[in-house]
Amino acid sequence: KHPHISEMMLTGGSPTMHSALVNELTHLANERDIFITIETEGSHFLTTDYPIDLLSISPKFSNSVPVVGIETPQGAITDQKMVDRHNKFRLNKDAIKKSIDYHNDYHIKPVLDKELSMVEEVEEFLKDLKIPDHKVWAMPAGDDRESLKESYGPVMNFVRDRGWRFTGRAHIMAFDTEREV
């Protein structure tokens, strides 16, 4: 119905956990010459009949570990079971490496806070997987507009000096904490 569509983005949660659906969408994209990007944390390796054009991988570094007793954006209270489940696949280097090798292209999108406290951990990850600087797009940390504003400047300055790229979080700047926009 919409032949003008030339790009498709799969995102939200963990799309690589839905292999049959993702594979079906790669067929649709291939049949219609649609460029397909999947946004993932990299927790699962996913083979598809047609390689995905671009993997946008945001690995979950130690700054992503949920804190017990804190309310999630969906309204649940974090318990130890949630933390353990999160940590099980939090930084699955093997799945990320296999994904990079299998699909057409990729970039890595680490989240950096205003203190740049994750830089050493991110650098080690990049070195282990032999990720070149031009494949790194750092994002500022923040779950709302105000906290993002605090991170933007320090992260932008760091990536400029480090030789990485910067990507903002326009959806949070535009919609703040509103979900499902």
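Above this note sits the structure.
The structure contained in this document is the topic of the report that follows. This one's a predicted model, so the numbers in the text were calculated from it and none came from an experiment.

The next thing to look at is helix H5 (residues 145–162). For an α-helix, 3.6 residues make a turn, and residues three or four places apart therefore share a direction. Given a rise of 1.5 Å per residue, 18 residues ought to cover 26 Å, and the 25 Å separating the end C-alpha atoms of H5 matches this to within 8%. Helix geometry: H5 is bent most strongly at Ser151, by close to 35°, with proline Pro154 lying one to four residues after it. All of the buried residues along H5 are Leu148, Ser151, Tyr152, Val155, Phe158 and Val159. The inward-facing, buried residues of H5 abut strand E5 (111–112), helix H4 (119–129), strand E6 (137–140), strand E7 (165–166) and helix H6 (170–175). N-capping of H5 is provided by Asp144, with a side-chain oxygen placed 3.2 Å from the backbone N of Glu146. Gly163 sits one or two positions beyond H5 and adopts a positive phi of about 95°.

Counting residues in hydrophobic clusters, the biggest one holds 34 residues, and the most contacted among them are Ile108, Leu112, Leu126, Ile131 and Trp164. Counting only elements with at least two residues in this core, the list comes to strand E1 (7–10), helix H1 (19–31), strand E2 (35–40), strand E3 (54–57), helix H3 (93–102), strand E4 (106–108), H4 and H5. Setting aside residues no more than four positions away along its own chain, Leu126 makes contact with Ile108, Ile131, Val136 and Trp164.

A word on the sheet that holds E3. Within the open sheet, the four strands sit side by side as E1-E2-E3-E4. Their pairing is parallel. Each end of this open sheet is capped by a strand with a single partner; those strands are E1 and E4. Going from strand to strand, the sheet's axes swing by 15° on average, the running direction of each strand aside. Strand direction decides the pairing type here: E1 and E2, joined by four bridges, are parallel. In the strand pairing of E2, Met8 is matched with Ile36. Sitting on the sheet, H1 is in contact with E1 and E2, with an inclination near 175° to E1.

Criteria and thresholds
Residues numbered from 1 in each chain as written. Predicted model: local features only at pLDDT ≥ 70, side-chain atom pairs only at ≥ 80, totals over all residues. Heavy atoms only, no water. Helix = DSSP H or I, 4+ residues; strand = E, 2+ residues; numbered from the N terminus. Expected span 1.5 Å × (residues − 1). Bend = angle between axes of the 7 residues up to and from the residue. Buried < 20%, exposed > 50% of the residue type's maximum accessible area, 1.4 Å probe, protein only. Contact = heavy atoms within 4.5 Å. Polar contact = N/O pair within 3.5 Å; in protein donor to acceptor, adjacent residues only side chain to side chain. Core = buried A, V, L, I, M, F, W, Y, C linked by side-chain atoms within 4.5 Å. Pairing = 2+ DSSP bridges. Axes fitted to C-alpha atoms, helices over the stretch in contact; angles between N-to-C directions.

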